[in-house]
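Examination of the molecular architecture
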Amino acid sequence: MQNAAVQMPETVPGQSVISAHHLDLTFQTNDGPVHALKDVSLEVAKGEFVSFIGPSGCGKTTFLRCMADLEHPTGGEITVNGVSPEDARKARAYGYVFQAAGLYPWRTIGGNVRLPLEIMGYSKAEQVERVARVLELVELAGFENKFPWQLSGGMQQRASIARALAFDADILLMDEPFGALDEIVRDHLNEQLLKLWARTQKTIAFVTHSIPEAVYLSTKIVVMSPRPGRITDVIDSPLPLDRPLDIRDTPEFLEVAHRVREGLRAGHSDE
Amino acid sequence: MSRNALPVLTVVLAIFLLWYIAAIFLNAAWAHDKATRSGEVLTTHTLVADTWSQEKPKLPAPHQVGAEIWKTTVEKKVTSKRSLIYHSWVTLSATLLGFALGTGLGIALAVGIVYNRTMDMSVMPWVIASQTIPILAIAPMIIVVLNAVGISGLLPKAMISMYLSFFPVVVGMVKGLRSPDTMQLDQMRTWNTSPAQMFWRLRLPCSMPFLFTSLKVAMAASLVGAIVGELPTGAVAGLGARLLAGSYYGQTIQIWSALIMAAALAAALVALIGFFQRMTLKRMGMA
């Protein structure tokens, strides 16, 4: 398999993995143009965990989809791993986790995780090895031969994360992956995700509309606001990298959460 | 199973009852005619006995049809021209070939419509128009035209079957191949999936439930097509030929036994598809 990551410039720590300059995206609708993104600039360094937070219509998902080459900006520039999003997509530089797990009902959990590997032409032996490894990583070992409907929503979403991790993408794009899950399951998955991030050293871009989730997970929080979709604040988290769940009761955590809330409010006031 | 048996049996019994009663009323006129000519007087008992045992009744009684079917299936060699098994096989072979051709054509057209914008815009109206032409009008022409170029026998009948059976497959498969949602398509896109992989790994599996539903309709239509195709060929062989010959000579019992045979054949074929549907969808974890 020709992995185009080889052709890409080496990313050294501190160098931008995702880099957006004055990004604009305008949808033409029957009610006139909608400015989904306006003048969005952002640098994401290798190994960072970046959350995008904001009310609906603020363009956070659109921004993520621009990185994934699922939307095409109408202005400005964006690079992923130093190349255009299209080249990055073709080089399979990222794994994308959607809001719904989106597992294929006719494939087992193992079959679902194997799907991208089949598509990318990994050898049979390597498929088996990788499926086992990533299912272990999301604590789903032993569920390989179950069908998706036999698993709970949280387990399905973990399988979907395993699927995004199965090939060697060093970027993980996650679009409200835990949005449809209840609070307790979500806490558990957040904790797991942080461990996963620490073990795999991936760069993660994470869209959410939960303030505690954003603050708990991120090294960088990007606050966005709607009409037009834009960035109102970028917060570099002062929290330590080792984060037990009860860090959410510390004054530092509450202070960051407060600043995020202020940012969200500021975005709303100038409508 | 036994829970379903009682209602089904009740309905079957009701049908038989109505059938016997209808046979009395429809065949009574002929019985009275005969009695007047021979100067007999009919009691209720002899009237009923006569209406249920005429040689060419307007409506044969169920036991007459049953006896005819027994006589022409079990008691005749299958190679005999009088064997209903032989005629059923003639029709069945045309049905199956037509069904296979129709399914192939239907899937091919559906793939074209889904993947090619020009076909999407142009083919569907023709597909629908093709089904508005009465099959009885076009069947003799297909037979005659194909005969003129030296094709006769099984293939012309199969063509008529195909003509009727490709339609539900096209409609069902276009819907089925388009059933993956935006998220599933986007997901495939993030893996830089080729169009061929997209078809085999997403669109085709997604379309399976739609395909099987279409196949059931197509199978029934195929059988109708094969029977219709046998009518203009001069009633040589097949269930359609039995129907036509029966109506030439007023052999109502023969007509009804061919009809029942055709119905049983259709039910068996559709049940067979249902079986494959359950097997496939179960294996795919979708049922």
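Residues numbered from 1 in each chain as written. Chains lettered and ligands numbered in written order. Predicted model: local features only at pLDDT ≥ 70, side-chain atom pairs only at ≥ 80, totals over all residues.

**Focus: the overall build of chain B**
Scanning chain B from N- to C-terminus turns up 11 helices and 0 strands. Counting helices and strands in the order they occur from the N terminus, chain B gives α-α-α-α-α-α-α-α-α-α-α. Relative to the compact-globule value of 19 Å for 287 residues, chain B shows a C-alpha radius of gyration of 24 Å, a clear excess of over 25%. Each of the three principal axes of chain B carries a C-alpha extent, and together these read 90 × 55 × 35 Å. Going through the 287 residues of chain B one by one, you find that 32% of them count as buried. Taking the intrachain contacts of chain B between residues at least 6 apart in sequence as the baseline, contacts between residues at least 24 apart amount to 74%. (Helix = DSSP H or I, 4+ residues; strand = E, 2+ residues; numbered from the N terminus. Rg over C-alpha atoms; globule rule 2.2 N^0.38 Å. Buried ≥ 20, exposed ≤ 12 C-beta atoms within 10 Å, placed from the backbone. Contact = placed C-beta atoms within 7 Å.)

**Thoughts on the overall build of chain A**
Per the secondary structure count, chain A includes 8 helices and 9 strands. Against the globule reference of 18 Å for 271 residues, chain A gives a C-alpha radius of gyration of 19 Å, in line with a compact fold. If one aligns the C-alpha atoms of chain A with their principal axes, the spans along those axes are about 55 × 40 × 40 Å. Expressed as a percentage of its 271 residues, the buried residues of chain A come to 44%. The long-range share in chain A, meaning contacts at least 24 apart out of those at least 6 apart in sequence, stands at 70%.

**Let's talk about the confidence of the model for chain A**
Scored by pLDDT, chain A comes out at a mean of 86, with 93% of its residues at no less than 70. A low-confidence stretch, residues 1-13 of chain A (pLDDT under 50), is modelled with 17 contacts involving residues beyond four sequence positions or located in other chains. (pLDDT = per-residue confidence, 0-100.)

**A closer look at the sheet that holds strand S7 (residues 203-208) of chain A**
All names here are of chain A. Spatial strand order, S5-S6-S7-S3-S8-S9: 6 strands in an open sheet with mixed pairing. With partners counted over all chains shown, the strands left at the sheet margins are strand S5 (94-97) and strand S9 (230-236), one partner each. With strand direction ignored, the average angle separating the axes of adjacent strands in the sheet is 15 degrees. One ladder, built from 4 bridges, connects S5 with strand S6 (residues 171-175); its direction is parallel. Across the sheet, the residue bridging to Val97 is Met174, located in S6. (Pairing = 2+ DSSP bridges. Axes fitted to C-alpha atoms, helices over the stretch in contact; angles between N-to-C directions.)

**Things to note about unusual backbone geometry**
Residues and elements named next belong to chain A. Going from Arg227 to Pro228, the amide bond is cis rather than trans, its omega being -10 degrees. Counting through the fold element by element, Pro228 comes out in the loop between strand S8 (220-225) and S9. You will see that Asp39, though not glycine, has its phi angle at about 50 degrees, which is positive. By the secondary structure assignment, Asp39 is in strand S2 (residues 32-45). Residue Asp39 is classed as partly exposed on the basis of its C-beta count, with 15 C-beta atoms lying within 10 Å.

**Describing the packing of helix H4 (residues 84-115) of chain B against helix H5 (residues 117-132) of chain B**
Residues and elements named next belong to chain B. Contact pair H4 / H5: the axes reach a minimum separation of 8 Å and the direction vectors enclose 140 degrees. Along the contact surface, H4 presents Leu109, Gly112 and Ile113, while H5 presents Met119, Asp120, Val123, Met124 and Val127. Of the residues contributing to the contact of H4 with H5, the split by class is 6 nonpolar, 1 polar and 1 charged. (Nonpolar A, V, L, I, M, F, W, Y, C, P; charged D, E, K, R; others polar.)

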